[in-house]
Amino acid sequence: MSPRHAVGLASLLTVLALSGPVQAQSGFGQAPGERSAQLRLPKSAAPLWTTLRKTRIGEDARRGIYTASFPPEVKALDGTQVTLSGFMLPMDTAQRSKHFLLARYTPVCFFCPPGEPNEVVEVISRPGVKLTGGMITLSGRMTLTNNGEKGLFFRLDQGG
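In this text, all values refer to a predicted model and were calculated from it rather than measured experimentally.

The rules we used
Starting from 1, residues in each chain are numbered consecutively following that chain's sequence as written. Side-chain atom pairs in this predicted model are given and counted only at pLDDT of 80 or more, local residue features only at pLDDT of at least 70, and totals for whole chains, interfaces and linings cover all residues. Computation of side-chain values: all heavy atoms of the structure, hydrogens and water removed. The helix and strand labels rest on DSSP assignments: H or I over at least four residues marks a helix, E over at least two residues marks a strand, and numbering proceeds from the N terminus. For this analysis, a polar contact is any N or O atom pair within 3.5 Å, provided that within protein one partner can donate a hydrogen and the other can accept it, and provided that sequence-adjacent residues contribute only side-chain to side-chain pairs. Pairs of residues are marked as contacts when any of their non-hydrogen atoms sit within 4.5 Å. Residue exposure (1.4 Å probe, protein chains only): buried if accessible area is under 20% of the type maximum, exposed if over 50%, otherwise partly exposed. A positive count includes Lys and Arg, and a negative count includes Asp and Glu. His and the chain ends are not counted in either. Salt bridges are identified by distance alone: a Lys or Arg side-chain nitrogen within 4 Å of an Asp or Glu carboxyl oxygen. Paired strands are those between which DSSP finds at least two bridges. All axes here are fitted lines through C-alpha atoms, helices being fitted over the stretch that makes contact, and every angle between N-to-C directions spans 0 to 180 degrees. Every residue gets a pLDDT, meaning the predictor's confidence in that residue, from 0 to 100.

### Observations regarding the side chain of Ser125
- Looking at where Ser125 falls in the secondary structure, it is placed in strand β5 (residues 120–130).
- Engagement of the side chain of Ser125 in a polar contact is seen with the side chain of Gln158, the distance being 2.8 Å.
- The contact partners of Ser125, leaving out residues within four places of it in the chain, are Ser97, Lys98, Phe100 and Gln158.

### A short note on the side chain of Glu122
- Residue placement: Glu122 occurs in strand β5.
- Among buried charged residues, Glu122 stands out as having no salt bridge; its nearest opposite-charge side chain is Arg155, 4.9 Å away.
- For Glu122, the contacting residues outside a window of four places in its chain are His99, Phe100, Leu101, Leu152, Phe154, Arg155 and Leu156.

### Re the sheet that holds β5
- Here five strands make up a closed barrel; going around it, the order is β3-β4-β5-β7-β6 and the pairing mixed. Taken pair by pair, the neighbouring strands of this sheet meet at an average axis angle of 50°, ignoring direction.
- Of the pairings in the sheet, the one linking strand β4 (residues 96–103) to β5 comprises seven bridges and is antiparallel in character. Each residue of the ladder has a partner; that of Ala103, found in β5, is Val120.

### Re the pairing of β5
- Relative to strand β7 (residues 152–158), β5 is paired through four bridges, and the arrangement is parallel. From the neighbouring strand, Ser125 faces β7, where its bridge partner is Gln158.

### Digging into the confidence of the model for the protein chain
- Considering every residue of the protein chain, the mean pLDDT works out to 80; 76% of them sit at 70 or more.
- Counting interchain partners and residues more than four positions distant, the pLDDT-below-50 stretch residues 1–26 has 49 contacts.

Next comes the structure, spelled out in C-alpha cells:
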C-alpha cells in the first residue's frame, strides 16, 4: 500500500474511531467476519497487547459510550515506560505524524475501526513518526485515558 493510500485509509479509520461507538453485529465496531480476515494478515505479537486485552470493555447504550474496567496488571502500566509494535493509523496527512493510533491488527475494512477498543493505543509523538503502512515499534510512557466517548483507553507519549 502506498503512503498516500495508507494516509487516506488511516484518516477514514480515525474519523470513524473518534466519532464514537459504532454499532455492529459482532464485537465493538467490527463487522461480522472482519476478525477472521484480520487473523490471516500480519499482526503484532508484542506481549503488551495480551495484557491490554485483559481490559474489559462494555457499552453504555443509554449514554452512547464505551466503558473500560482495568484489571490490576493494566493499572500497573499507568505512567510506566513501555515498548509496543503495531500498525500506524495517522490522524493527519503529514509525512511525519505526531498524533495517530497504533493498532495490533492490520486494518481490513475501510469503514470499521481496526480492532476492539482494547486493541488500539492513541500515540502522541513530539518528534513525529514517518508514515508507513508496515508494522512499527514505539517506546514511550503509557497512560490510561479511559475516554469512553472516543473509545480510546490507552495513550503512549513519546517525548521530544
